[in-house]
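If you want the building blocks of each chain, they are given just below.
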Amino acid sequence: MFLGVKFAARSDVGLVRSNNQDSGYAGPHLLLVADGMGGAAGGDIASSIVIGRLASLDDEAHGPDDALEELKRAIGEAHSEILLRAKNDPELSGLGTTVTALLRAGSTLSMAHIGDSRAYLLRDGEFDQVTTDHSFVQHLVDTGRLSVADAESHPKRSMLLRVLGDVDADVPVDISVRETRPGDRWMLCSDGLSGVVSRPTIHHTLMEVEDPGDCADALVNLALAAGAPDNVTCIIGDVIDIDAAPDGVGPSTAAQVVGAAGRERNRPSQGGNSPAGRAARLTAPDDGPDDEEPSRWAQLRRKLAPWWIPGVVLIALVATAWGAWGWTRTQYFVGEHDGSVVVFRGVPGDLGPLTLSTVEKVSELRVSELPPFQQDRVKAGIRVENLLAADRIVIYLKAGA
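Just so it is clear, the structure is predicted and the values come from calculations on it, not from any experiment. Counting from 1, residues in each chain are numbered in the order their sequence is written. Per-residue local features of the predicted model are confined to residues with pLDDT of at least 70, and side-chain atom pairs are confined, for both listing and counting, to 80 or more; whole-chain, interface and lining totals are unaffected and use all residues. Side-chain measures were taken over the full set of non-hydrogen atoms in the model, leaving aside hydrogen atoms and water.

1. Let's talk about the environment of Leu-30
Right, on to step 1. Put simply, DSSP marks the helices as runs of H or I at least four residues long and the strands as runs of E at least two long, and each gets a number from the N terminus on. Tracing the sequence through the fold places Leu-30 in strand β3 (residues 30-37).
Right, on to step 2. Counting along the chain gives 81 residues from Leu-30 to Met-111, while the straight-line C-alpha distance between them is 10.0 Å.
Right, on to step 3. Residues within four places of Leu-30 in sequence aside, it is in contact with Tyr-25, Leu-54, Ala-55, Asp-58, Leu-102 and Leu-103. Two residues form a contact once any of their heavy atoms are found within 4.5 Å.

Structure (structure tokens):
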């Protein structure tokens, strides 16, 4: 029995963020998601470094015995390179990334995981989350201080305890080896998907949408429909028995790189039904063959494009900006302003020229008084559900300062 993988990779900047810091890779032997963090000029670099280091493992040279060691080595090299980039450029201080990777050698999968990107397995209809989040909220769940249901809406659910490259020390990475079978469907994703699309919905979509590319598109679109406040990356890998596969059904061969590592850092969102999404699809280039006779509609669209496309795009941008601003008035986060820990109303980042947050409360706590890990979290912005939750976060930070 010879196994292969039919795979697809998708990534979208989402509907709030201005750039994509996620990176994803899907190849015949390697599936990988990395969710970068560290500001507008850091997270995309960290996640791209991981893709660059691990992509070289996507070949048939690994046996089941050495695949795990090769994966560990490559992750260690990525960690060192991220730290070196931060050391050489002070503006990149604190950059880091999650990593969730599967390296296949025959019927054996070597897995490496750190952060809150996730790996799920659908096998014989049973759906399981294989990885465990390295987050503060998951720690509360593991120690019995928080229920799984409450964890889904906890204000500190985005606070990570472990990421690659965040500190100048050896970072513990979860390592495991698994057997895989024909019919297994693996799904790797960033928290931009798992954080807004419910587990039952993910399970149903993986069960119902057969083609990996269509399934990945459907899951990304579900995240966009839910507001997509973060970048969204999804990798689907279907394990098939090459010998037993019907004609026309075979493994994928060409690797796919998406997100920041795939030069999609500033690409506008392509999915969803928002005005901006419709405008992006409307102006997207035609992927048909060059010698294909264009349809009448295509010819007419090209003639009229210089006149009506700018108007459509302008209307879409204005509508999106207005809608985003209204939604941000209901959001809060704890961040930094002039060196102080501050409660903001809105969401981190900007939408073009529109600033999506305003200062709500300024605390007496200085960011420099916090431990380095907490400083990074505050600088990145700690999202909360309401003003009361924000006040509790500030109290929590004061207690640990």
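Alright, that's what it looks like, and here's the rest.
2. Things to note about the packing of aromatic side chains
Right, on to step 1. Planes of paired rings set the category: under 30 degrees apart is stacked, over 60 is edge-to-face and the rest tilted, where pairs are Phe, Tyr or Trp rings (Trp by its six-membered ring) whose centres lie within 6.5 Å. Scanning all chains against the criterion turns up 2 aromatic pairs.
Right, on to step 2. Measuring from centroid to centroid gives 4.8 Å for Phe-333 and Phe-344, while their planes differ by 10 degrees, and the two rings are stacked. Of this pair, Phe-333 sits in strand β13 (residues 332-337) while Phe-344 sits in strand β14 (residues 340-351); the two residues are 11 residues apart in sequence, bridging distant segments of the chain. The pair formed by Phe-333 and Phe-344 is uniform in burial state, with each residue classed as buried. Residue exposure (1.4 Å probe, protein chains only): buried if accessible area is under 20% of the type maximum, exposed if over 50%, otherwise partly exposed.

3. A short note on the pattern of salt bridges
Right, on to step 1. By convention in these notes, a salt bridge is any Lys or Arg side-chain nitrogen within 4 Å of a carboxyl oxygen on Asp or Glu. Tallied over the entire structure, the rule returns 13 salt bridges.
Right, on to step 2. Across the pair Arg-17 and Asp-230 runs a salt bridge whose closest N-O atoms are separated by 3.4 Å. Within this pair, whereas Arg-17 is found in the loop between β1 (3-12) and β2 (22-26), its partner Asp-230 is found in the loop between α7 (212-225) and β11 (232-241), the two being separated by 213 residues in sequence.
Right, on to step 3. You can call Arg-17 partly exposed: its relative accessible area is 31%.
Right, on to step 4. Here Asp-184 and Arg-123 are joined by a salt bridge, their closest N and O atoms 2.7 Å apart.

4. A word on the side chain of Arg-118
Right, on to step 1. Following the sequence through the fold, Arg-118 ends up in strand β7 (residues 118-123).
Right, on to step 2. Contacts described as polar in this section are N or O atom pairs within 3.5 Å, which, within protein, must combine one atom able to donate a hydrogen with one able to accept it, while residues neighboring in sequence count only if both atoms come from side chains. In terms of polar contacts, Arg-118 uses its side chain to reach the side chain of Gln-129, at 3.5 Å.
Right, on to step 3. When neighbours within four sequence positions are excluded, Arg-118 is seen to be in contact with Thr-100, Gln-129, Thr-131, Asp-133, Met-187, Leu-188, Cys-189 and Ser-194.

5. With respect to the nonpolar core
The nonpolar side chains of a soluble globular protein tend to be buried with one another.
Right, on to step 1. Leu-32, Val-50, Leu-54, Leu-71, Val-99 and Leu-164 are the most contacted members of the largest nonpolar core, which has 28 residues in total.
Right, on to step 2. The leading source of residues in this core is helix α2 (residues 67-88), at 7 residues.
Right, on to step 3. Setting aside chain neighbours within four positions, we find Leu-71 in contact with Leu-54, Leu-57, Ala-101, Leu-103, Ser-110, Met-111 and Ala-112.
Right, on to step 4. Residues belong to a common nonpolar core when they are buried Ala, Val, Leu, Ile, Met, Phe, Trp, Tyr or Cys residues joined through side-chain atoms within 4.5 Å. Formed by 22 residues, the second largest nonpolar core is a distinct cluster that contains Phe-136, Val-341, Val-384 and Leu-397.

6. Some remarks on the packing of helix α1 (residues 43-54) against α2
Right, on to step 1. Look at α1 against α2: their axes get within 9 Å of each other, and the N-to-C directions meet at 145 degrees. For α1 against α2, the interelement crossing comes out right-handed. Across from Ile-45, Ala-46, Ile-49, Val-50, Arg-53 and Leu-54 in α1, the residues of α2 making contact are Leu-71, Ala-74, Ile-75, Glu-77, Ala-78, Glu-81, Ile-82 and Arg-85.
Right, on to step 2. Ten residue types, Ala, Val, Leu, Ile, Met, Phe, Trp, Tyr, Cys and Pro, are classed as nonpolar, four, Asp, Glu, Lys and Arg, as charged, and the remainder, Gly among them, as polar. Residues belonging to the contact of α1 with α2 are distributed by class as follows: 10 nonpolar, no polar and 4 charged. Angular values range over 0 to 180 degrees, each being the angle between N-to-C directions of two axes fitted as lines to C-alpha atoms, with helices fitted over their stretch in contact. Helix crossings fall into two classes, left-handed where the near helix is turned counterclockwise from the far one by less than a right angle and right-handed where it is turned clockwise.

7. Some thoughts on the sheet that holds strand β10 (residues 185-189)
Right, on to step 1. Pairing between strands requires that DSSP locate at least two bridges from one strand to the other. Spatially, the 5 strands line up as an open sheet ordered β1-β11-β10-β7-β8, and their pairing is antiparallel. The two strands at the open ends of the sheet, each matched to only one other strand, are β1 and β8 (126-129). Neighbour-to-neighbour, the strand axes of this sheet turn through a mean angle of 15 degrees, independent of strand direction.
Right, on to step 2. Across 4 bridges, the pairing between β7 and β8 is antiparallel. By the bridge assignment, Tyr-120 is partnered in β8 with Gln-129.
Right, on to step 3. Each of β7, β8, β10 and β11 is contacted by helix α6 (residues 199-208), which is oriented at about 130 degrees to β8, the strand it contacts most.

Everything listed here is a matter of geometry and, on its own, says nothing about what the molecule does.
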